[in-house]
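Structure assessment
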Amino acid sequence: MDEKNLYNSLFDEDDSIENRSSKKIGLSKSSSNVIIAGVCGGIAEYLNKDVKLIRFISLLIALLGWFPFFIYLILAFSLPAEKKILSNEEIIRINHENNITILAGLFIYLGFYTLLTNFNFSTNNFVFFENEFLLISSAIIFGGLILIDKIKLPFLNYYNINFIETQKNEKMFLGVCRDFSNYLSVDINIIRTIFLIFTILTIGLFAFFYFIIYFLSKADVVKQ
Amino acid sequence: MINKKLFAVSLIVWGIFSLLIYFNILIIENQLITSLILISYGLLSTNLAFKESNRLQLIISSTVFFIGIIFLIKSTYQIIDSRGLVFYSILFISGANLILLFIENMNKKVFLYSGVIIFISSIVLLFTIEKIGILYFINQTYKIFEIFLPFLLILIGVFFFFRKVK
């Protein structure tokens, strides 16, 4: 046993860079997995759970009204920030994943909201959006916090990262959605979902445009 | 970074104006303020997207701009059939976005042709939809869609939430 290993075995210390960077003393905000302030990321890392599960639970709690938002804000300002060094690729991957999580969260939230209003549930003080004053003041606070860089919304940094995902998706029908997703560097499932919703809302007219775009792109390729 | 500041400033300006309306200091419709903020954010952000040649940003910001225009029309004029507005909006916004994608990359003629086709068909439908008689059909489809919309939103949301990104 060499000197370093002997020291580690005696004092139970692993001096590798990875462990030094990710070693956690207690509950802290995540600096790598951030959507708003990194509270959920920090809790997930502390509990050693999937961050998506923690975020999903938080989203459901957020449906209860304004109170969870204040708890979140208190945690965001009181918890210490964890220092973790990540590679650029990893940051891009996490940001991309978090952008999809934001989109998914919005869908779930709006889904619950419309469900409650459709069934004539009184959403006063129950759903965040219903409280006009709170929504307005939150917008001002959020805007201020973004301006002083206290809140990091990944979709705002998304533009600055030249994210090009090499998608090896198989085409489902003629490959128009796949080509669009590659051209715009967007997740293929988002394009497909938008296309599907638009097709329903235009009572099938968008399916007709799908064929037009396909044949025009084919003609364009032949011309070139 | 500029986009981040633009987003933050838009939020603050919207918040301040809405607060003034909330306390009856400013007596105008909230929808008008929202539309004006969306239009200005969309316009500035589109300009930024062209400068940075960012296609995704271009699509998002131009969509925001057009949504602002729709809100402005809704707050200024009385729209009898708001369901029909969704139908035309989708066609107009899609067509306009495709044309913008062509402007960003002039080599892709497919965007120009398909954009113009969608645009023209939306204008043609605007004048002929009542004559064809599918307006009733559109309304019925939207009524059914509105019932299933929350479930659809939740399902799509949960799917994207727990989907593993490769």
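Quick look at the structure, then. Treat the numbers as computed from the prediction; the structure is a model and nothing was measured.

So, how was this worked out
- Residues numbered from 1 in each chain as written.
- Chains lettered and ligands numbered in written order.
- Predicted model: local features only at pLDDT ≥ 70, side-chain atom pairs only at ≥ 80, totals over all residues.
- Heavy atoms only, no water.
- Helix = DSSP H or I, 4+ residues; strand = E, 2+ residues; numbered from the N terminus.
- Contact = heavy atoms within 4.5 Å.
- Areas by Shrake-Rupley, 256 points an atom, 1.4 Å probe, with all protein chains shown as cover.
- Buried < 20%, exposed > 50% of the residue type's maximum accessible area, 1.4 Å probe, protein only.
- Buried area = accessible area lost by both parts, 1.4 Å probe.
- Salt bridge = Lys/Arg side-chain N within 4 Å of Asp/Glu carboxyl O.
- Nonpolar A, V, L, I, M, F, W, Y, C, P; charged D, E, K, R; others polar.
- Axes fitted to C-alpha atoms, helices over the stretch in contact; angles between N-to-C directions.
- Parallel < 35°, antiparallel > 145°, perpendicular 65-115°, else oblique.
- Core = buried A, V, L, I, M, F, W, Y, C linked by side-chain atoms within 4.5 Å.

What to know about the overall build of chain A
Across its full length, chain A carries eleven helices and zero strands. Listed N to C, the secondary structure of chain A is α-α-α-α-α-α-α-α-α-α-α in terms of helices and strands. Long-range pairs, those at least 24 residues apart, make up 53% of the contacts in chain A with a sequence separation of at least 6. A total accessible area of about 13,400 Å² is found for chain A, and carbon and sulfur atoms account for 64% of it.

Overview of the side chain of Ser114 of chain B
Relative to the helices and strands, Ser114 of chain B is located in helix H5 (residues 109–132). Assessed through its relative accessible area of 1%, Ser114 of chain B is described here as buried.

Quick word on the environment of Ser32 of chain A
Residue and element names in this part refer to chain A. Among the secondary structure elements, Ser32 is positioned in the loop between helix H2 (17–22) and helix H3 (39–47). We classify Ser32 as buried; its relative accessible area is 16%. Separated by 62 residues in the primary sequence, Ser32 and Ile94 place their C-alpha atoms 7.8 Å from one another. Leaving out residues up to four positions away in the same chain, Ser32 has contacts with Glu45, Glu82, Lys84, Leu86 and Ile94.

Observations regarding the interface of chain B and chain A
Chain B puts 68 residues into the contact, and the matching count from chain A is 66 residues. Each partner contributes to the roughly 5,800 Å² buried at the junction of chain B and chain A, and carbon and sulfur atoms together form 77% of this total. Inspection of the region where chain B meets chain A yields one salt bridge. Notably, a salt bridge pairs Asp187 of chain A with Arg163 of chain B, separated by 2.3 Å at the nearest N-O pair. Only helix H1 (2–22), helix H2 (30–52), helix H3 (55–76), helix H4 (82–104), H5 and helix H6 (135–161) of chain B provide two or more residues apiece to the side of chain B that touches chain A. The dominant element in the side of chain B that touches chain A, judged by the number of residues it contributes, is H6 of chain B, at 18 residues. Taken together, the residues that form the side of chain B that touches chain A break down as 44 nonpolar, 13 polar and eleven charged.

Structural notes on the packing of helix H10 (residues 188–201) of chain A against H6 of chain B
Axis separation between H10 of chain A and H6 of chain B bottoms out at 11 Å; the angle between their running directions is 170 degrees. Considering the angle they form, H10 of chain A stands roughly antiparallel to H6 of chain B. Residues Asn189, Ile190, Thr193, Ile197, Ile200 and Leu201 of chain A of H10 of chain A form the contact with H6 of chain B, whose participating residues are Thr141, Tyr142, Phe145, Leu152, Ile156, Phe159 and Phe160 of chain B. In the contact of H10 of chain A with H6 of chain B, the residues fall into ten nonpolar, three polar and no charged.

Concerning the nonpolar core
Phe180 and Leu184 of chain A together with Phe87, Leu91, Leu101 and Phe111 of chain B are the most contacted members of the largest nonpolar core, which has 48 residues in total. Among the elements that make up this core, the one with the highest residue count is H4 of chain B (eight residues). If near-sequence neighbours (up to four positions away) are discounted, Phe180 of chain A is found in contact with Ile191 and Ile213 of chain A together with Leu98, Leu101 and Phe111 of chain B. Formed by six residues, the second largest nonpolar core is a distinct cluster that contains Ile136 and Ala139 of chain A together with Trp14 and Ile21 of chain B.

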